[in-house]
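Breakdown of the fold
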Amino acid sequence: MDKEAYRRFHLPKRVEKLEANLRWLDRAQADLLKWFADGTDVVPSAIQPELELISKETWQSDLFRLAALYWQVPVSDGYGRRMRFLVWDRSNGKLMGIFALGDAVFNQAARDAHIGWDHHRRGDALVNLMDAYVLGSLPPYSHLLGGKLVASLVATRDVSEAFKKRYCGSTGLISGQKKNARLVAVTTTSALGRSSVYNRLKLGDRQIFEPIGFTSGWGHFHLSGKIFDELRAYLEFKNDSYANGFNVGSGPNWRIRVIRRALEGLGLDTSLARHGFSREVFFAKLASNAQAYLRGDNQRAMYRGLPSVKEVSAQAIERWMIPRSMRDRRYLDWKAVDLIAAVYGNSTRQSQLVLNEVRA
């Protein structure tokens, strides 16, 4: 399985997502295009990254939506708590990249083993962990290894403080209890097999994302869209409470539970919920004692030495972006309209022909 095979497998869902957004895209793209850079807008030594936390129903939210449509793997809407960030280059006012953090799945074997969780402690401590469900840079910054910079910004003081401001003291949807949440770590998984962004992601002696294992290949993206809607409709017909479990905070495992429950009821093999695509799992510590805190061995999260966005950016630009700009000048050929063309291109007749072939 190479990266192209992963992309091909995801193509039906991607085309479906793009087609669902085409009417909105036709209306919005003209107003949003100005925020994307041409290659000639970028001076690598002058790049000044800045994070912006997005609020709902704003033009920034629309910009995130458009940027996410560029991704080769369809971007999830996230689950439960969500923090979506724009990464700006303040030297020219253009969008460098995006990332978003959402509630982590309850069961993740590689993560749980790395932390040393048992079932009961995991249930109590999961509130202090988030998952980066989308992360990356946009052209022309991606041509300069901007994805590594964006990934490095996840483990910064600015993100920790934004989480604290939004969620410390919040009330749990299911438990109804007040949560004294602290963001001590972020997990993520590679979208296309082994990751060229997260592997060996180090600044100085600090490793940003640590590889901790692989997923077992269970999921729901291959049974999404109309197939999932029909499975859920079957459970509604059977008056099964799982059909609408997401309304009461069942979280990111809800879809897989619906699929397995429906398959079981239909007399089909529940292993059909296993797509078989193993993804590498990564763990980024914001608190230096993240594992001990999540296990309950330490009662206080330690953030001493956690760098700021400004500090991380200066290191990342010097290590990755400036050297790449000197070796490869092709980023200068990029035009902002190329991004819009690439997004539209994935809903063209060629993509539809491939989709029909996959469905056949």
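Residues numbered from 1 in each chain as written. Predicted model: local features only at pLDDT ≥ 70, side-chain atom pairs only at ≥ 80, totals over all residues. Heavy atoms only, no water.

Let's shift gears to the overall build of the chain. Per the secondary structure count, the chain includes 12 helices and nine strands. A separation threshold of at least 6 residues defines the contact pool for the chain, and within that pool the share at least 24 residues apart is 78%. By element, 48% of the accessible surface of the chain is carried by carbon and sulfur atoms, the whole surface being about 18000 Å². (Helix = DSSP H or I, 4+ residues; strand = E, 2+ residues; numbered from the N terminus. Contact = heavy atoms within 4.5 Å. Areas by Shrake-Rupley, 256 points an atom, 1.4 Å probe, with all protein chains shown as cover.)

Attention shifts here to the pattern of salt bridges. One pass over the structure, following the stated rule, counts seven salt bridges. In this structure, the salt-bridge partner of arginine 81 is aspartate 103, at a minimum N-O distance of 2.6 Å. Of the two residues, arginine 81 is situated in the loop between α2 (59-68) and β2 (82-89) and aspartate 103 in strand β3 (residues 94-103); the sequence distance between them amounts to 22 residues. The exposure class of aspartate 103 is partly exposed, given its relative accessible area of 23%. (Salt bridge = Lys/Arg side-chain N within 4 Å of Asp/Glu carboxyl O. Buried < 20%, exposed > 50% of the residue type's maximum accessible area, 1.4 Å probe, protein only.)

So, on to the packing of aromatic side chains. Per the stated rule, a full pass over the model turns up seven aromatic pairs. Seen from their ring centres, tyrosine 198 and phenylalanine 282 are 5.1 Å apart, and the 45° between their planes marks the pair as tilted. Of this pair, tyrosine 198 sits in the loop between β5 (185-189) and β6 (202-203) while phenylalanine 282 sits in strand β9 (residues 280-285); the two residues are 84 residues apart in sequence, bridging distant segments of the chain. Side by side, tyrosine 198 and phenylalanine 282 carry an identical accessibility label, which is buried. (Phe/Tyr/Trp six-rings, centres within 6.5 Å; stacked < 30°, edge-to-face > 60°.)

Contact pair helix α7 (residues 226-237) / helix α8 (residues 254-265): the axes reach a minimum separation of 9 Å and the direction vectors enclose 65°. As far as their axial angle goes, α8 and α7 are roughly perpendicular. Considering how the two elements wind past one another, α7 and α8 form a crossing that is left-handed. Contact residues: Phe228, Leu231, Arg232, Tyr234 and Leu235 in α7; Trp254, Arg255, Val258, Ile259, Arg261, Ala262 and Gly265 in α8. (Axes fitted to C-alpha atoms, helices over the stretch in contact; angles between N-to-C directions. Parallel < 35°, antiparallel > 145°, perpendicular 65-115°, else oblique. Left-handed = near helix turned anticlockwise from the far one by under 90°.)

Turning to the sheet that holds strand β8 (residues 210-214), a few remarks are in order. Within the open sheet, the seven strands sit side by side as β1-β2-β3-β4-β5-β9-β8. Their pairing is mixed. The open sheet has two edge strands, β1 (49-53) and β8, and neither has a second partner. Going from strand to strand, the sheet's axes swing by 30° on average, the running direction of each strand aside. Taken together, the five bridges between β1 and β2 define a ladder with antiparallel strand orientation. (Pairing = 2+ DSSP bridges.)

Next up on the list: α2. Across the 10 residues that make up α2, a large majority, seven, are buried. Looking at α2, one finds that the buried residues are Gln60, Ser61, Leu63, Phe64, Leu66, Ala67 and Ala68.

A few words now on the side chain of glutamine 108. Within the fold, glutamine 108 resides in the loop between β3 and α3 (109-115). From its side chain, glutamine 108 meets the backbone nitrogen of alanine 110 in a polar contact 3.3 Å long. Apart from the residues lying within four places of it in its own chain, the contact partners of glutamine 108 are Thr215 and Val281. (Polar contact = N/O pair within 3.5 Å; in protein donor to acceptor, adjacent residues only side chain to side chain.)

Of all the six residues making up β9, five are buried; the element is thus mostly covered by neighbouring parts of the structure. Pairing analysis gives five bridges linking β5 to β9, with the strands arranged antiparallel. Note that in β9 the partner of threonine 189 across the bridge is valine 281. As defined by bridge partners, β8 adjoins β9 across four bridges and the pair is classed as antiparallel. Paired with proline 211 across the bridge in β9 is phenylalanine 282.

The relative placement of two packed helices comes down to the angle between their axes together with the axis-to-axis distance. Where helix α5 (residues 146-153) meets helix α10 (residues 309-327), the axes come as close as 9 Å, and the angle between the chain directions of the two elements is 155°. Between α5 and α10, the crossing angle belongs to the class labelled roughly antiparallel. The interaxial crossing formed by α5 with α10 has right-handed handedness. Taking contact as the criterion, the partners of Gly146, Lys148, Leu149, Ser152 and Leu153 in α5 are, on α10, Val309, Val312, Ser313, Ala316, Ile317, Trp320 and Met321.

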